[in-house]
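Results of the structural survey
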Amino acid sequence: MNDNGRQITLFTNLQMWYHKHIIHYMIFFILTGLPLVSPWFHWIAYAVGVPVAAFSGAADITSVGLQICRAAHRITAVLWIVTSIPIVFAMLPKIGRWDMTPRRREGQGWVEYIKEGLIDTKRVYIDWQYPKYMGKYNLLQIAAAWAVIGICLLMLASGAVLWFRLWFSEGLVSVMRVAHLAGFMAMVVFLIFHVYFAIHPVNRAGYEAMFRTGKDSEAHARKKHPGLFL
Amino acid sequence: MKEKQMAVCYDSQACIKCFACVVNCSVENRARLQRERGTGVEKTMMEKLPHLNYLTIEKSESGVFPDVKSVAALKHCQHCEYPKCMDICPAEAISKEDTGAVLINRDKCVGCQSCIDACPYDVPVFDRETGKTYKCIMCNDRLEAGLPTACAEACPSVAIFCGTASDVRAEAKERAERYEKVFGKKFIVYGAEPVNSHVGSLSYMTIAAEENADPYMLPENPKSGVSIARNVIKIGGAAAIGAAAAGIAVHVSHWKKHKEDSVYHHKDEE
């Protein structure tokens with residue numbers, strides 16, 4: 001890229017560090033959660049249970065594997081919370097400047113903002129052209145980001161109730177069990193789209209920024225994210 | 001061929017409320033610990049082991065004095081034809097036996113308590129000491145050995161009786177008809193026929209006056225909202241995942257068709 005070498009920072013080191021950890025946690029969450037969602041995935045519990053049963057002499061390998069998966073699921077949740085502490089402290093003070101905050105131009109109504117955002121998103125992902133107004137994220141990314149934050153909070157709250165279920169009423173535990181499953185399904189659908197669009201050539205620069213330097217050339221950013229410079 | 005399907009019936013009209021059934025159930029479960037788990041006799045008798053009381057009493061009172069009605073109902077697993085606890089158990093620890101009994105395999109149970117959520121009769125009980133869930137096993141071991149269930153064996157008024165499902169059903173219906181003639185009100189044999197499509201028929205039936213269905217905890221349309229919701233979410237989630245995959249396939253095809261015209265195609269332009 002010939003752009004006189006001027007670079008802008010898309011992601012800070014802390015954001016990149018957190019994102020990489022999130023990937024590991026999601027893999028662990030999914031692998032350890034799936035055997036509890038459906039017996040179709042009991043092979044995961046069985047694979048986990050085999051070495052443990054070999055030493056412990058447990059009667060039912062799948063059952064032992066399920067218990068280990070449940071424990072690993074909870075440990076992963078604790079690690080996720082611990083890892084989230086620095087990012088929360090770093091991000092919360094800047095909440096007014098988050099790139100995923102919907103920003104309307106002066107005098108622009110919500111309907112016009114949404115219409116413009118959708119047309120801009122179509123321009124990128126259907127017409128394969130550069131957008132006219134898009135900032136760091138397009139409208140659907142902004143919506144998805146807030147949805148994911150909501151889902152994560154739901155998963156944390158429902159997971160905590162399920163973990164310490166003896167402290168709560170049976171009714172609440174039942175509701176939280178359903179909510180945890182619904183949140184998981186929504187998260188899987190989000191991840192499918194997220195991973196696909198992350199590795200799509202349209203987002204090559206963003207992908208490389210997230211996993212390598214955190215930076216993008218200003219020349220490219222002016223074309224792909226004109227909203228950042230408006 | 002000998003009929004394998006067994007059943008138990010509780011006749012609330014013949015019951016004298018001595019609760020020998022409750023006592024014998026507990027005794028039998030303590031004996032099971034001794035003979036199956038090698039637990040010492042003293043230990044099995046000294047500890048309360050409330051989770052092993054598969055039969056419990058739920059007392060309810062209704063009306064205004066002097067027209068008060070007090071009912072002490074037996075609470076136990078109904079051994080549904082379509083056990084929702086079995087469907088929801090992530091450890092596949094719950095099974096429906098040929099006898100009709102629904103059993104929890106203690107070695108497989110991981111103590112997640114999903115079965116408690118799924119049971120429309122609110123029966124399974126979680127024991128904090130063992131970290132596992134328990135419920136009536138319809139004395140499946142005794143039935144297979146040709147013995148009556150512990151509750152039926154203890155009952156002095158034959159208010160609880162067991163046998164092959166067809167015999168029990170016939171006897172129960174005959175009793176209900178007789179009661180209707182004698183008392184002039186409608187009696188039901190709850191569970192002899194499918195209660196609804198959710199649970200099906202029951203292997204533990206109950207004879208009761210229709211007007212007493214509520215205090216005897218015999219809902220007309222037992223349903224587990226959690227069980228239904230989880231199934232809907234699983235099916236909806238699988239459909240959404242399929243739709244997402246299909247949408248991505250269409251998008252990939254669109255990209256392949258137009259990528260030469262795309263401003264994002266060449267890395268240099270990125």
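Before reading on, note that the structure itself is shown above.
Anyway, here's the lowdown on the structure attached to this text.

Each value, and the rule that gives it
Residues numbered from 1 in each chain as written. Chains lettered and ligands numbered in written order. Predicted model: local features only at pLDDT ≥ 70, side-chain atom pairs only at ≥ 80, totals over all residues. Pairing = 2+ DSSP bridges. Helix = DSSP H or I, 4+ residues; strand = E, 2+ residues; numbered from the N terminus. Axes fitted to C-alpha atoms, helices over the stretch in contact; angles between N-to-C directions. Contact = placed C-beta atoms within 7 Å. Nonpolar A, V, L, I, M, F, W, Y, C, P; charged D, E, K, R; others polar. Core = buried A, V, L, I, M, F, W, Y, C linked by C-beta atoms within 7 Å. Buried ≥ 20, exposed ≤ 12 C-beta atoms within 10 Å, placed from the backbone.

1. Points about the sheet that holds strand β8 (residues 160-164) of chain B
All names here are of chain B. Ordered by their spatial adjacency, four strands build an open sheet running β8-β1-β10-β9, and the pairing between neighbours is mixed. Looking along the sheet, the strands with just one partner apiece sit at the ends: β8 and β9 (187-190). Ignoring which end each strand starts from, the neighbouring axes of this sheet average 20° apart. Of the pairings in the sheet, the one linking strand β1 (residues 6-11) to strand β10 (residues 204-209) comprises four bridges and is parallel in character. Directly across from Tyr10, in β10, lies its bridge partner Thr206.

2. A closer look at the interface of chain B and chain A
Listed as interface residues are 29 residues of chain B and, on the opposing side, 32 residues of chain A. Listing elements by their share of the side of chain B that touches chain A, those giving two or more residues are α4 (114-118) and α8 (225-258) of chain B. Among the elements that take part in the side of chain B that touches chain A, α8(B) stands out by supplying 11 residues, more than any other. Taken together, the residues that form the side of chain B that touches chain A break down as 14 nonpolar, five polar and 10 charged.

3. A word on the nonpolar core
Counting 85 residues, the largest nonpolar core has Val8(B), Cys9(B), Cys151(B), Ile160(B), Val168(B) and Met205(B) as its most contacted members. Among the elements that line this core, the one with the most residues is helix α6 (residues 170-199) of chain A, at nine residues. Setting aside anything within four residues of it in sequence, one finds Val168(B) in contact with Ala7(B), Val8(B), Cys9(B), Phe161(B), Cys162(B), Gly163(B) and Met205(B).

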